[in-house]
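# Structural characterization, general
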Amino acid sequence: MYRLIWFLSTAFLLNAADFFVSQDLYRLRDVGEVQISPDGSRIVYTVVKRDGPGTPSSEMWLMDAANGSTERAGVRGSSPRWSNDGKWIAFFGSADGKTGLAVMKADGSHAQVIAPVESTNFPLPSAGERMSWSPDGREIAFVSAVPSTEADEASSDPVVITRYLYKPTAGHFTDNRRLHIFIVDIETKKIRQLTTGDYYEHSIDWSRKGDEILFLSNHESDPDRIFNYDVFAVSSADGAIRRLTNTKNAEYYPKWSPDGNNIVYEGTKRELTSSETTMEDTHVWIMDRDGDHRRDLGATIDNRQSAPAWSADGKFIHVTVQDRGSVQLYRLPFAGGSTKPAVVIAGNGSVGRWSVSANGNIAYSWLTPDDTPQLYLMSDGGQRKLTGLNADLLDAKKIAPVEPLEFSSVGGMRIQAFLTRPAVLESGKKYPLIVMIHGGPHGQQGPGFNAKAQTYAGHGYATLMVNYRGSTGYGQKFADAIFRDQDGAEAKDVLAGVDAALSKYSWIDKDRLGIEGGSYGGQLANWIITQTTRFKAAIPTAGISNLISFNYMAYYHDYLAVEFGAYPHQNDLLDVLWQRSALKQVANVKTPVMFVHGENDNDVPVAESEQFYIALKDVGVETMMLRYPREGHGLRETKHIVDCTERSIEWYDRHFAVK
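All of these numbers come straight from a predicted model, not from anything done at the bench.

Turning our eyes to something else, we now look at the overall build of the chain. Helix and strand content of the chain: 11 helices and 36 strands. Here the C-alpha coordinates of the chain stretch approximately 70 × 60 × 55 Å along the principal axes. Within the span of the chain, comprising 659 residues, buried residues form 59% of the whole. Between the averaged position of the 68 positive side-chain charges in the chain and that of its 81 negative side-chain charges there is a distance of 4 Å.

Right, dumping it as structure tokens:
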């Protein structure tokens, strides 16, 4: 009813069909993986679709980079990778009724599965490449799971738990399978196993010299308790392994230089890294092929860096950099050329997946304020947009503008937020504001297209996304500002953002404020409603309410140790955690709350919503809980996202007086 009233009041401006609505999510399509051929002539990319049952699916497409002509590959798959000679594309998918590691010719023909691939439900955060071509294009290295010598805790009756890290990221209990490296001959389909043991090997890269394959593995004495990837190299001939790093910090995404003499990787410096998130910004590092002479190549860039890759001549390394809500692509000098980092792709948006050809052309996905990630090409001729998968849908919609908002918060710290206006603003009319808080806490929000924010905008809501202290994209000091202070100053940053928005935009109704967030954003939503009654409705998704119970029930147990500098049983930290838990302050809550949680969430177990839900019932606060089956941490199935969005609007409308 409330929605109808609002739409009728603006009917003279736009028809309701002109706004972005939750059902439009089924029609949105994104560009996912992007791989340009070595000679730069063709691009293979995946298109992510949401129109089927369950989670989004991807299909592979091929494009002629010169004229933009496209054709859909005859098979479904993901993670396409070109052979070094550009004659073949390897991928994970299906062909001829089989599923596994597959190859097809450069034109998408002759697809065939050449090796079965098994998986594990054991959490391996920030894992990199699952396959890598041999230099001569005759073989492919890949990772696949094998049964462990330990019992399968996921299927035993009774379930016998012996491991410290016994929960996967979603589901019940770990299957104890280990990931190892295999090599398959693409012509004979003969498979040989290269590594063995009770470790997990992943993030592989085959040297152009053909002699060794890089990989990551955690070889700590108790790897379940201490998250620490190190870099190793295994001989492709006899399986002999060399350990290249033995640091207290973590390394990620190792890549051989084209001449095989150096290795680039992503790394940190601090001794304790969480498997869930890291307060320390990852940087691009370089070392010799023997692991010597390590240096921080990205030291001059005080922001989080990710996914490094070499130029074909070995003189430069490309890397993405988070920067004030956007993601840019940088080029760092390694040998010769400029001595300073150069920004290659920047703007009001974010680079997603990307790859560089031998001639320096870059194919990449780009998220803009008015569209989901689409395919672009950077060449000597400049930037070209190659796909417009949502043109028919979004060109007919009123897309609300997004604008940055900066303000001062506690201690004079400057904070940036992004405000999405309602799709239509009538003079003299007041509009509700929904605060949408990002997770992490070490993440960022920006101006890129946000389907939920646009749905809210079409319904007449403004939304505010605050990059509170602790967020990435603003330098290491800013990320560290949350240390030992969860549910502290960063919560005040969010409230200061609301005050700044109210001060700048006279059309925001201070009496119709809502608040929501996912993961850490859900935690902050839980906490903030214990500190103020200014919000008329709240929707925490997968949020922590009790920092103590969360620590001992989540799949990872090192997160709070990184965030607070000690384990909960040390230094009276349990007392601090309880004081900073929303559950401890529940008697202060007056705001109606609708909890959202996935039934299979092991990142933040559903008990975190259950506790707060019952506590609010005891206090006498209006509350309800949405529990989504099959979902882990956050919602993945399109129908669940649509359902949750529609219920969210109904929840806010119920508690906002219509004006």
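The discussion continues.
In spatial order, the strands read β13-β14-β15-β16; together these four strands make up an open sheet with antiparallel pairing. At either end of the open sheet lies a strand with only one pairing partner, and these are β13 (202-206) and β16 (241-243). Here the strands of the sheet are splayed against their neighbours by 25 degrees on average, with no regard to which way each runs. When β13 meets strand β14 (residues 212-217), the two strands line up antiparallel, connected through three bridges. Each bridged residue has a counterpart across the sheet, and for Trp206 the counterpart in β14 is Ile213.

What follows deals with empty space enclosed by the protein. Counted by the stated rule, this structure contains two cavities of 30 Å³ or more. For the largest cavity, the full set of lining residues is Glu276, Gly440, Ser519, Tyr520, Gln523, Ile544, Phe550, Tyr556, Tyr559 and Val604. By residue class, the composition of the lining of the largest cavity is six nonpolar, three polar and one charged. Quantified by volume, the second largest cavity comes out at close to 30 Å³. Lining the second largest cavity we find Pro369, Val402, Thr420, Pro447, Gly448, Phe449, Asn450, Ala453, Gln454 and Met465. A breakdown of the residues in the lining of the second largest cavity according to their chemical character gives six nonpolar, four polar and no charged.

Before going further, it helps to examine the pairing of strand β33 (residues 508-518). Counting buried residues in β33 gives eight out of 11 residues, a clear majority hidden from the surface. Sheet topology note: the strand β31 (residues 431-437)/β33 ladder contains six bridges and is parallel. Bridge pairing in β33 links Ile437 to Gly517. Two elements, β33 and strand β34 (residues 537-541), share five bridges in a ladder whose sense is parallel. Looking at the pairing, Ile515 lines up with Ala538 of β34.

In this model, the second largest pocket occupies a volume close to 380 Å³. If you trace the second largest pocket, you find 28 residues lining it, with Phe122, Arg163, Asn218, Pro223 and Asp224 closest to the centre. Within the lining of the second largest pocket, the residues separate by chemical class into 14 nonpolar, six polar and eight charged.

Enumeration over the complete set of coordinates arrives at 26 aromatic pairs. Ring geometry for Trp310 versus Phe334: centroids 5.1 Å apart, planes at 90 degrees, classification edge-to-face. Taken together, the residues span a long stretch of sequence, with Trp310 in strand β21 (residues 305-310) and Phe334 in the loop between β23 (326-333) and β24 (342-345) at a distance of 24 residues. Overall, the relative accessible area of 11% leaves Trp310 in the buried class. Among the aromatic side chains, those forming a connected cluster through ring pairs are Phe227, Tyr229, Tyr252 and Tyr253. The ring of Tyr164 is capped by Arg225, whose NZ or CZ atom sits 4.6 Å from the centre of that ring. Just above the ring of Phe316 sits the side chain of Arg331; from NZ or CZ to the centre is 4.8 Å.

Before going further, it helps to examine the packing of helix α3 (residues 451-458) against helix α11 (residues 638-655). Between α3 and α11, the least distance of the axes is 11 Å, while the angle of their chain directions is 40 degrees. On the basis of their axis angle, the class for α3 and α11 is oblique. Between α3 and α11 the crossing geometry is right-handed. Between α3 and α11, the contacting residues are Lys452, Thr455 and Tyr456 on the first element and Thr645, Ser648, Ile649 and Tyr652 on the second. For the contact of α3 with α11, the class distribution of residues is three nonpolar, three polar and one charged.

Attention shifts here to the nonpolar core. Formed by 100 residues in total, the largest nonpolar core has its most connected members in Leu464 and Ile515. With seven residues, helix α5 (residues 489-504) is the single largest residue contributor to this core. Setting aside residues no more than four positions away along its own chain, Leu464 makes contact with Leu405, Ala417, Phe418, Leu419, Leu433, Ile434, Val435, Met436, Gly497, Val498 and Ala501. Counting residues in each nonpolar core, the second largest holds 15 residues, with Phe92, Phe182, Val184 and Ile186 among its members.

Applying the stated criterion across every chain yields a total of 35 salt bridges. Put simply, Asp509 and Arg512 hold a salt bridge, and the shortest N to O gap is 3.0 Å. Here Arg512 falls in the buried class, since its relative accessible area comes to 8%. A single network of salt bridges, built from pairs that share partners, joins Asp211, Glu212, Arg242, Arg289 and Asp290.

Note on placement: Val351 falls in strand β25 (residues 350-356). Residue classification places Val351 among the buried positions, given a relative accessible area of 7%. Residues in contact with Val351, not counting those within four places in the same chain, are Thr320, Val327, Gln328, Leu329, Ile345, Tyr364, Ser365 and Trp366.

What counts and how
- Residues numbered from 1 in each chain as written.
- Predicted model: local features only at pLDDT ≥ 70, side-chain atom pairs only at ≥ 80, totals over all residues.
- Heavy atoms only, no water.
- Helix = DSSP H or I, 4+ residues; strand = E, 2+ residues; numbered from the N terminus.
- Buried < 20%, exposed > 50% of the residue type's maximum accessible area, 1.4 Å probe, protein only.
- Lys, Arg positive; Asp, Glu negative; His and termini not counted.
- Charge placed at Lys NZ, Arg CZ, Asp CG, Glu CD.
- Pairing = 2+ DSSP bridges.
- Axes fitted to C-alpha atoms, helices over the stretch in contact; angles between N-to-C directions.
- 1 Å grid on protein atoms, 1.4 Å probe; cavity = no way out; pocket = protein on both sides within 12 Å on 5 of 7 lines; lining within 4 Å.
- Points joined across faces, edges and corners; volume = space filled by probe spheres on them.
- Nonpolar A, V, L, I, M, F, W, Y, C, P; charged D, E, K, R; others polar.
- Phe/Tyr/Trp six-rings, centres within 6.5 Å; stacked < 30°, edge-to-face > 60°.
- Lys NZ or Arg CZ within 6 Å of the ring centre and 35° of its normal.
- Parallel < 35°, antiparallel > 145°, perpendicular 65-115°, else oblique.
- Left-handed = near helix turned anticlockwise from the far one by under 90°.
- Contact = heavy atoms within 4.5 Å.
- Core = buried A, V, L, I, M, F, W, Y, C linked by side-chain atoms within 4.5 Å.
- Salt bridge = Lys/Arg side-chain N within 4 Å of Asp/Glu carboxyl O.

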